[in-house]
Amino acid sequence: MLEPDYGDPTDEERSEFMDKVTSSDGTQIAFDRLGDGPPVIVVGGAMCDRALTGSTAEELAKHFTVLNYDRRGRGDSGDTGPYAVEREIEDIGALIVEAGGTASVYGHSSGAGLALHATAYGVPIDKLVLHEPPYNTDGEEEQRISREYALDLEALLSEGRRGDAVELFFTTVGMPREMVGGMRQTPRWAELEAMAPTLAYDSEIMGDSAGGTVPAELTGRVSTETLVLVGGASPAWTIDIGRQVADALPNGQHRVLEGQEHVVPPEVLVPVLAEFFTGRNHPD
């Protein structure tokens, strides 16, 4: 399955600390540099720009130097076609160079999938946190839904129907159609439509066209110490997938955040990240 809804976006303004790096293909990637300490890069999921990850980044900045960035095609970052997952891996690599040559990485939802790709392809990552990567179980119906979503999304975007593509995403992850209709009437909808082409990027990252299951070809190549986080109030299959990912990683561990769902308040999440990134982690 794809990732659950992030909830209502905030109206947080762009940070005064915005900077840019140039990725390997010349694309400008915008980021905020916050705080002081060992570097951490925050990788957001689908329909997420750096404004939406800003509160987590600000809380992390109490302990670390945080690079909170707009993935390509979002916010203040540029985009260069044709898309390939490798281009987003290069974006993370450029940010790590900017951070000093190595960094820890926190990836949320499909951003966790991207972070897994980057680590598997040798980007120098000290420690890795994968927060509810939305892979599928081995069930035929779940894989069918992912394959159908990938095809429908491609068709809508090829026809320029960005609003319908956004609606497809939200309804696929379980948002009621009436709620989506209400979102269409808000100022935020225009921002979501602007990011709609990046839904195809996340779909490719998560392997939806092939069923979206845990990618053994990636997990087996990641020796980096990795923490897989899931919420205890998330669906049981999500917790199980997190455990599968952790078990598939040579140096992975699984931790359940009791009472939490897909989106975790920064005051709950960041202490867990800080413990892990500084070596004071408490695995379950």
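Refer to the structure printed above.
Here we summarise the structure given alongside this text. Owing to the predicted nature of the structure, the values given are computational and were not obtained by experimental measurement.

### Observations concerning the side chain of Thr198
With respect to the secondary-structure elements, Thr198 resides in helix H8 (residues 198-205). Given the relative accessible area of 1%, Thr198 is considered buried. Contacts of Thr198, omitting those with residues within four sequence positions, involve Arg72, Gly73 and Arg74.

### Re the pairing of strand E1 (residues 18-22)
Sheet faces and side chains relate simply in a regular strand, where the side chains alternate between the two faces. Relative to strand E2 (residues 28-34), E1 runs antiparallel, the two being bridged by five bridges. Each bridged residue has a counterpart across the sheet, and for Val21 the counterpart in E2 is Ile29. The loop that links E1 with its antiparallel partner E2 comprises five residues; one of these, Gly26, has a positive phi angle of about 95°.

### Things to note about the packing of helix H4 (residues 140-158) against H8
For the pair H4 and H8, the least separation of the axes is 10 Å and the interaxial angle reads 155°. Relative to H8, H4 is oriented roughly antiparallel. With respect to the hand of their crossing, H4 and H8 are arranged in left-handed fashion. Note on element contacts: H8 touches H4 through Leu199, Ala200 and Ser203, opposite Tyr149, Ala150, Leu153 and Leu157. Classifying every residue of the contact of H4 with H8 gives six nonpolar, one polar and no charged.

Calculation rules
Starting afresh in each chain, residues are numbered from 1 along the sequence in its written order. For a predicted model such as this one, the threshold for reporting local features is a pLDDT of at least 70, and the threshold for listing and counting side-chain atom pairs is 80 or more; totals across whole chains, interfaces and linings nevertheless cover every residue. Side-chain numbers here rest on the full set of heavy atoms in the structure, without hydrogens or water. Only DSSP runs of H or I covering at least 4 residues are called helices, and only runs of E covering at least 2 are called strands; the numbering of each starts at the N terminus. Remark: exposure states derive from per-residue accessible area (1.4 Å probe, protein chains only) relative to the maximum for the residue type, with buried under 20%, exposed over 50%, and partly exposed in between. In what follows, a contact means two residues having at least one pair of non-hydrogen atoms within 4.5 Å. When DSSP finds at least two bridges between two strands, those strands are taken to pair. To get an axis, fit a line to the C-alpha atoms, keeping to the stretch in contact for a helix; angles then go from 0 to 180 degrees between the N-to-C directions. Note on terminology: angles under 35 degrees are roughly parallel, angles over 145 are roughly antiparallel, angles of 65 to 115 are roughly perpendicular, and the others are oblique. Helix crossings get a hand from a simple test, with the near helix turned counterclockwise from the far one by less than a right angle marking a left-handed crossing and a clockwise turn marking a right-handed one. Note that Gly is not counted as nonpolar here; it falls among the polar residues with everything else outside the nonpolar set of Ala, Val, Leu, Ile, Met, Phe, Trp, Tyr, Cys and Pro and the charged set of Asp, Glu, Lys and Arg.

Just geometry here; none of it tells us what the structure is for.
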